[in-house]
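# Observations on the three-dimensional arrangement
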Number of protein chains: 2
Amino acid sequence: MRKPKEKKAKKEQFQLKTPKGSKDWADKDMVIREAIFQSLSSMFKRHGGVTIDTPVFELREILAGKYGEDSKLIYNLEDQGGELTSLRYDLTVPFARFVAMNNIQAIKRYHIAKVYRRDQPAMTKGRMREFYQCDFDVAGTYDKMVPDAEILCILVEGLTNLGIQDFKIKLNHRKVLDGIFEVCGVKEEDVRKVSSAVDKMDKLPWAAVKKEMVVDKNQPEEVADKIGEYVKLKGTVRETIAELKKDELILANASAAAGLEEMEILAEYLEAFEISPFVSFDLSLARGLDYYTGLIYEAVTEASSAPTNADDLKKKAKKSKDGEVEDASDFVGVGSIAAGGRYDGLVGMFAGANGKKASIPCVGISFGVERIFSLIKMRQQQADKIRPTATQVYVMAFGDGFLKERMSITKKLWAAGIEAEYLYKVKANPRKQFESAEKAGCPVAVILGKDEQANGQVKVKLLGPEFTDTEDGEVIVSISDVVETVKTKLAQANVGGMNEITRLLKGL
Amino acid sequence: MRKPKEKKAKKEQFQLKTPKGSKDWADKDMVIREAIFQSLSSMFKRHGGVTIDTPVFELREILAGKYGEDSKLIYNLEDQGGELTSLRYDLTVPFARFVAMNNIQAIKRYHIAKVYRRDQPAMTKGRMREFYQCDFDVAGTYDKMVPDAEILCILVEGLTNLGIQDFKIKLNHRKVLDGIFEVCGVKEEDVRKVSSAVDKMDKLPWAAVKKEMVVDKNQPEEVADKIGEYVKLKGTVRETIAELKKDELILANASAAAGLEEMEILAEYLEAFEISPFVSFDLSLARGLDYYTGLIYEAVTEASSAPTNADDLKKKAKKSKDGEVEDASDFVGVGSIAAGGRYDGLVGMFAGANGKKASIPCVGISFGVERIFSLIKMRQQQADKIRPTATQVYVMAFGDGFLKERMSITKKLWAAGIEAEYLYKVKANPRKQFESAEKAGCPVAVILGKDEQANGQVKVKLLGPEFTDTEDGEVIVSISDVVETVKTKLAQANVGGMNEITRLLKGL
């Protein structure tokens, strides 16, 4: 190969790695991740979802003003002449842009794709700069809380289908929260920034959140204290509603009252779907993003929270030259494993840009695949048994090489839809062939021998420890019957088979 | 929803669109594209492939010096503090980086993912700036031409499985081509640039290619003329070999002779796989990329070439403000629909950077999904019949709203893995429900009526024109039997069913 000479000197100078916060997926991890996608996408289809695919970058203006304080985490593409673009930060804003641009009145769509955030990575906890989201969103004007309830049902189904049972869904309602802020005396223009302080309550103690409100966000201390009383409230949906209804100030607030009415309707639907036991109405949940307007939710597990000594661990963390923490895995939790909410105004922001006026109400959920993956990966025993290839048959030759004959027989198997491999050697050593078959985990071998070959025949053999060195499960057939015989042997080998990936996902 | 006031003025100023050369995929197109991925990935698995996923961006140094004249088309990410990165240009270089980084000795991997090129787009021809590649590559040291032959077999299988029969594979060998250049008197340092001129022979007449060699690339006219004689040669593999072997100069050239020996081995294997009729040994094929070292190939169809009056059309094309052509669809062809080659030095370039010395030989194929899609989309009649949702059952209420009861029954169907929807309304109008069921293309309805409900029963009904206004295919069952009854009805509805997407892919 011609390597331009000036390149040679350079070769040793750079590190062979993926960019910070990103990684390669391969081998068993990839099989597990694909199985997670498969489980989620078939569920999305069961709920009437259609899928779309949007570009990985959007015009920079599309993303502007949608993410509040997190906007600084957006990746920009270099200006190389032409439009200014940025990598997508989530799948929600591109979806809203799609709905507005195509003047869609109603759609249930799912989208499984990568998003990009220039955040502090914590690789082993599944907190990455490039990561997958699996989103399901319902756009359209419907009766109150009906799609919202189905989205929560999807959240429960999605996680339980993946063998995750010990999670809790925290629910809150932006209208209730905004009403509380108003009752406590927060000015309208301060609501979003106070809300983003409350959003940190799962990571910080109340004292730190209060300090942020008072010092950084200029709220009077008594306002912060009043907020503190409210946001401690949590319980079942019906309990929390009852508690809030005891409060005259809340009942008299239009926003809070509207929110509570919706929560009461929701409570009924959650019962119809039999998912109330998973749900907690938790007033400390605020969600950072600007665009939510109604119900908001997050699914969390034990692994979601940071260790109690996180602060100490953070101080000891390895820093890179620019003072950034290299990997925050030691002192952060997995975080929420799925989250979402209602955003009735987002499509309207784009519809305006298109000269169309209609706003389309939306509600959606986003599953964090990397975080779910890290939970499933802990089921080590099953994960160990997964094999990365799908190969079912190894086509071998004994004595002579018979390469062209192996090619020809393998081709017949491929044409019949059977996964098959053979050794890429003219002369093939029997031991090497058996080793390769074993490594791939093939249950069946087709063996070409000199005698059989002369008679237009081959041997079909079951592999696996129980058949080694025996003639059990071995049969000699005419080459014209090889496909049928292999199918019979494969059925024999896979008897009773729930496969390993299914076991893993079910947590068996 | 709170919209910050300063955003309002901005709202009307930008166009609601995707960035140039990119598009959204939705609806039937998305269903067709997913089916193409499904067909290709199950074939890749049949051939023993495992899949990997690499980040969408790579360190900029990884991509440097790999793409020859095309390097200018790479998208860079903005320097926002931290590493310099670029969007991947293909899946081959990231694969080679992965193999080197993990010190892998042998792997068959497939990868279906998007790549990025700042090229002139031709949207309706499937030439995009963001587009999918479906790659299969074999890395490892094997007997000569054995994996190469299987890659060509995969190329034929991949296209024929998608109902594409009228394609031709152009083959050439870099060693033969380099030998020819040497014989014609091209200096070693000029070989790659002369090769990239030859690569344009499918788009330009010989006169233009010769001009590029002589004027732009400083080759003596007699050298260009000699090259012109050789690169006109094409025919079956055996014919072209025979033709070249008549030439003493070629036979005496070490590089050309080594290439021809490999082509003779390949000819045998192509016969074993019964794919020779698809293949033409065409000396005008050069492939632009720097990294190829052996066999190279491209699959082309009628639609691959540009119209004969391309030059006139180009002059008339709509230009944007910056003088760039907005969309080149009118005057370019679809181009090659799949292409690849052997690249034995690429992994070694990275292995060096890692302090490891080993080079791993590789050979691979890349299917251009958007281009294949545009061919399949021409089978309009079948494409029209595809429905975007998978919904099988519509759960309705007559007379009363029964929303919670509809939710509860639909939940049972979901739990049984059945795709089901219902109207998101408290009170549901029967006509609206039938319309929604018809729009989704559901074959079966579950109907809740007042009388049946009182008895703990529901109606299960086959939909479709043959059952409208009749009581055929209708049965009243206990709610506890609804799942079993629905399964029976669905089996009845789908009798004899090869589904529409399968028909479309088979071109039936």
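These numbers come from a predicted model, not from an experiment. (Residues numbered from 1 in each chain as written. Chains lettered and ligands numbered in written order. Predicted model: local features only at pLDDT ≥ 70, side-chain atom pairs only at ≥ 80, totals over all residues. Heavy atoms only, no water.)

### Details of helix α9 (residues 221-231) of chain B
Residue and element names in this part refer to chain B. Here α9 has its buried residues at Val223, Ala224, Ile227, Gly228, Tyr230 and Val231. Each buried residue of α9 sits inside an arc of 165° when the element is viewed along its axis, so together they form one side. Opposite its buried face, α9 presents the exposed residues Glu222 and Glu229, each directed more than 90 degrees away. Against the buried residues of α9 lie α6 (174-184), α7 (191-198), α8 (206-216), α10 (237-245) and α11 (248-252). (Buried < 20%, exposed > 50% of the residue type's maximum accessible area, 1.4 Å probe, protein only. Helix = DSSP H or I, 4+ residues; strand = E, 2+ residues; numbered from the N terminus. Arc of directions from axis to C-beta. Contact = heavy atoms within 4.5 Å.)

### Side note on the interface of chain B and chain A
With 114 residues of chain B in contact, the opposing surface of chain A contributes 114 residues. Around 10,100 Å² of area is buried between chain B and chain A when both sides are counted, 60% of it from carbon and sulfur atoms. Counting across the interface, chain B meets chain A through 14 salt bridges. In this structure, the salt-bridge partner of Glu78 of chain A is Arg60 of chain B, at a minimum N-O distance of 3.7 Å. Counting across the interface, chain B meets chain A through 44 residue pairs in polar contact (both at pLDDT 80 or more). Here the side of chain B that touches chain A is composed, by residue class, of 50 nonpolar, 23 polar and 41 charged. (Buried area = accessible area lost by both parts, 1.4 Å probe. Salt bridge = Lys/Arg side-chain N within 4 Å of Asp/Glu carboxyl O. Polar contact = N/O pair within 3.5 Å; in protein donor to acceptor, adjacent residues only side chain to side chain. Nonpolar A, V, L, I, M, F, W, Y, C, P; charged D, E, K, R; others polar.)

### Looking at the nonpolar core
Ranked by size, the top nonpolar core spans 109 residues in total, and within it Ile169, Leu171 and Phe367 of chain B carry the most contacts. Of all the elements, helix α5 (residues 146-161) of chain B adds the most residues to this core, at nine residues. Excluding its chain neighbours within four sequence positions, the residues that come into contact with Ile169 of chain B are Leu152, Leu155, Val156, Phe278, Val279, Ser280, Tyr297, Glu298 and Ala299 of chain B. One finds Tyr132 and Tyr269 of chain A together with Trp414 and Val444 of chain B within the second-largest nonpolar core, a separate group that totals 108 residues. (Core = buried A, V, L, I, M, F, W, Y, C linked by side-chain atoms within 4.5 Å.)

### What to know about the UniProt feature "binding site: L-histidine" (unreviewed entry) in chain A
Residue and element names in this part refer to chain A. UniProt's entry tags Asp90, Leu91, Thr92, Arg117, Gln133, Asp137, Arg287, Tyr291 and Tyr292 with the feature "binding site: L-histidine" (unreviewed entry), counted in the numbering of this structure. Counting through the fold element by element, Arg287 comes out in the loop between β8 (279-282) and β9 (295-301). Once you skip the residues sitting within four places of it in the chain, Arg287 turns out to touch Arg174, Asp199, Tyr292, Ile296, Tyr297, Glu298, Ala339 and Gly340. Mapped onto the fold, Tyr291 is located in the loop between β8 and β9. Accessibility expressed as a relative area gives 2% for Tyr291, which makes it buried. At 2.7 Å, the side chain of Tyr291 and the side chain of Asp90 are in polar contact. (UniProt positions renumbered as here; feature names shortened; annotations may be inferred.)

### Some thoughts on the pairing of strand β6 (residues 167-173) of chain A
Regular strands have side chains that alternate between both faces of the sheet. Residue and element names in this part refer to chain A. The buried fraction of β6 is high, at six of seven residues. When β6 meets β9, the two strands line up antiparallel, connected through seven bridges. Bridged to Lys170 within β9 is Glu298. Pairing of β6 with β8 involves three bridges; the strand directions are parallel. What sits directly across from Ile169, in β8, is Val279. (Pairing = 2+ DSSP bridges.)

### Re the pattern of salt bridges
Tallying each qualifying case throughout the model produces 62 salt bridges over all chains. Two residues, Lys175 of chain A and Glu262 of chain A, come together in a salt bridge whose shortest N-O distance is 3.6 Å. With Lys175 of chain A in helix α6 (residues 174-184) and Glu262 of chain A in helix α12 (residues 254-272), this residue pair connects regions lying 87 residues apart in the sequence. Judged by its relative accessible area of 30%, Lys175 of chain A falls in the partly exposed class. Three or more residues joined by partner-sharing salt bridges are found here, namely Arg33, Lys114 and Glu130 of chain A together with Asp53 of chain B.

### Remarks on α10 of chain B
Among all positions of α10 of chain B, only Val237, Thr240, Ile241 and Leu244 of chain B are buried. One side of α10 of chain B carries all its buried residues, which in axial view fall inside an arc of 100°.

### Things to note about the packing of α10 of chain B against helix α12 (residues 254-272) of chain B
All names here are of chain B. Axis separation between α10 and α12 bottoms out at 10 Å; the angle between their running directions is 160°. With respect to α12, the element α10 is oriented roughly antiparallel. Where α10 crosses over α12, the handedness of that crossing is left-handed. Contacts between α10 and α12 involve Val237, Arg238, Ile241, Leu244 and Lys245 on the former and, on the latter, Leu260, Met263, Glu264, Ala267, Glu268, Leu270 and Glu271. (Axes fitted to C-alpha atoms, helices over the stretch in contact; angles between N-to-C directions. Parallel < 35°, antiparallel > 145°, perpendicular 65-115°, else oblique. Left-handed = near helix turned anticlockwise from the far one by under 90°.)

### Quick look at the relation of the copies chain B and chain A
With an RMSD of 0.1 Å, chain B superimposes on chain A once it is rotated by 180° and translated 0.0 Å along the axis. Viewed as a symmetry operation, the transformation between the two copies matches a two-fold axis. A shared binding surface is used by both copies, with 100% of the interface residues of chain B retained as interface residues in chain A. (Least-squares fit on C-alpha atoms with pLDDT ≥ 70 in both.)

### Quick word on the environment of Val115 of chain B
Residues and elements named next belong to chain B. One can find Val115 in strand β4 (residues 107-116). Note: C-alpha distance between Val115 and Arg129 (14 residues apart in sequence) is 8.1 Å. Setting aside anything within four residues of it in sequence, one finds Val115 in contact with Arg88, Tyr89, Asp90, Leu91, Arg129, Glu130, Phe131 and Gln133.

### Considering the environment of Thr51 of chain B
Tracing the chain through its elements places Thr51 of chain B in strand β1 (residues 50-51). For Thr51 of chain B, a relative accessible area of 13% corresponds to the buried category. In contact with Thr51 of chain B, other than residues within four places in its own chain, are Ala26, Asp27, Met30 and Glu34 of chain A together with Tyr110 and His111 of chain B. Here the side chain of Thr51 of chain B touches Tyr110 of chain B through a polar contact of 2.9 Å, landing on its backbone oxygen.

### Points about the packing of aromatic side chains
Summed over the entire model, instances satisfying the criterion amount to 35 aromatic pairs over all chains. Here the aromatic rings of Tyr75 of chain A and Tyr116 of chain A are separated by 6.4 Å at their centres, their planes lie at 85°, and the arrangement is edge-to-face. Here Tyr75 of chain A, found in the loop between α3 (60-63) and β3 (85-87), pairs with Tyr116 of chain A, found in strand β4 (residues 107-116); they are 41 residues apart in sequence, far enough to count as distant. Each member of the pair Tyr75 of chain A and Tyr116 of chain A is classed as buried. Among the aromatic side chains, those forming a connected cluster through ring pairs are Tyr67, Tyr89, Tyr291, Tyr292 and Tyr343 of chain A. Looking at Lys23 of chain A, its charged tip hangs above the ring of Trp25 of chain A, at a distance of 4.0 Å from the centre. Here the guanidinium or amino end of Arg109 of chain B rests over the ring plane of Phe95 of chain B, the centre of that ring lying 4.2 Å away. (Phe/Tyr/Trp six-rings, centres within 6.5 Å; stacked < 30°, edge-to-face > 60°. Lys NZ or Arg CZ within 6 Å of the ring centre and 35° of its normal.)

### Description of the sheet that holds strand β13 (residues 420-422) of chain A
Residues and elements named next belong to chain A. Taken in spatial order, the five strands line up as β13-β12-β14-β15-β16 in an open sheet, and their pairing is mixed. On the outer flanks of this sheet lie β13 and β16 (474-478), each paired with one strand and no other. The mean inter-strand angle of the sheet, taken between neighbouring strand axes irrespective of direction, is 25°. In this structure, strand β12 (residues 393-397) lies alongside strand β14 (residues 444-448), joined through five bridges in parallel fashion. Directly across from Val395, in β14, lies its bridge partner Val446.

### A word on the sheet that holds β4 of chain B
By way of backbone hydrogen bonds, the strands of a sheet pair with one another, either parallel or antiparallel. Residues and elements named next belong to chain B. Read from one edge to the other, the open sheet built from nine strands follows the order β1-β4-β5-β11-β10-β9-β6-β8-β7, with strand pairing classed as mixed. The sheet terminates laterally at β1 and β7 (234-235), the two strands that pair on one side only. As defined by bridge partners, strand β10 (residues 338-342) adjoins strand β11 (residues 362-368) across five bridges and the pair is classed as antiparallel. Its bridge partner lying in β11, Gly340 is registered against Ile365. Strands in contact with helix α4 (residues 92-101) are β4, β5 (130-139) and β11; relative to β4, the strand with the most contacts, it is inclined by about 135°. Sheet contacts for α6: β6 (167-173), β8 (279-282) and β9 (295-301); angle to β6, the most-contacted strand, approximately 55°.

### Considering the side chain of His173 of chain B
Residue and element names in this part refer to chain B. When you line up the elements, His173 lands in strand β6. Residue classification places His173 among the buried positions, given a relative accessible area of 0%. For His173, the contacting residues outside a window of four places in its chain are Gly259, Glu262, Met263, Gly294, Leu295 and Ile296.

### Overview of unusual backbone geometry
The backbone of Glu274 of chain A sits at a positive phi, close to 55°, despite the residue not being glycine. Along the chain, Glu274 of chain A turns up in the loop between α12 and β8. Of note in the backbone geometry, Asp27 of chain B takes a positive phi value of approximately 55° without being a glycine. Examined against the element boundaries, Asp27 of chain B turns out to sit in helix α2 (residues 27-46).

### Comments concerning the pairing of strand β15 (residues 457-462) of chain B
Residue and element names in this part refer to chain B. Within β15, five of the six residues are buried, which leaves it mostly tucked inside the rest of the structure. Sheet topology note: the strand β14 (residues 444-448)/β15 ladder contains four bridges and is antiparallel. Bridged to Val446 within β15 is Val460. Note: β15 against strand β16 (residues 474-478), five bridges, orientation antiparallel. Within the sheet, the bridge partner assigned to Val458 lies in β16 and is Val477.

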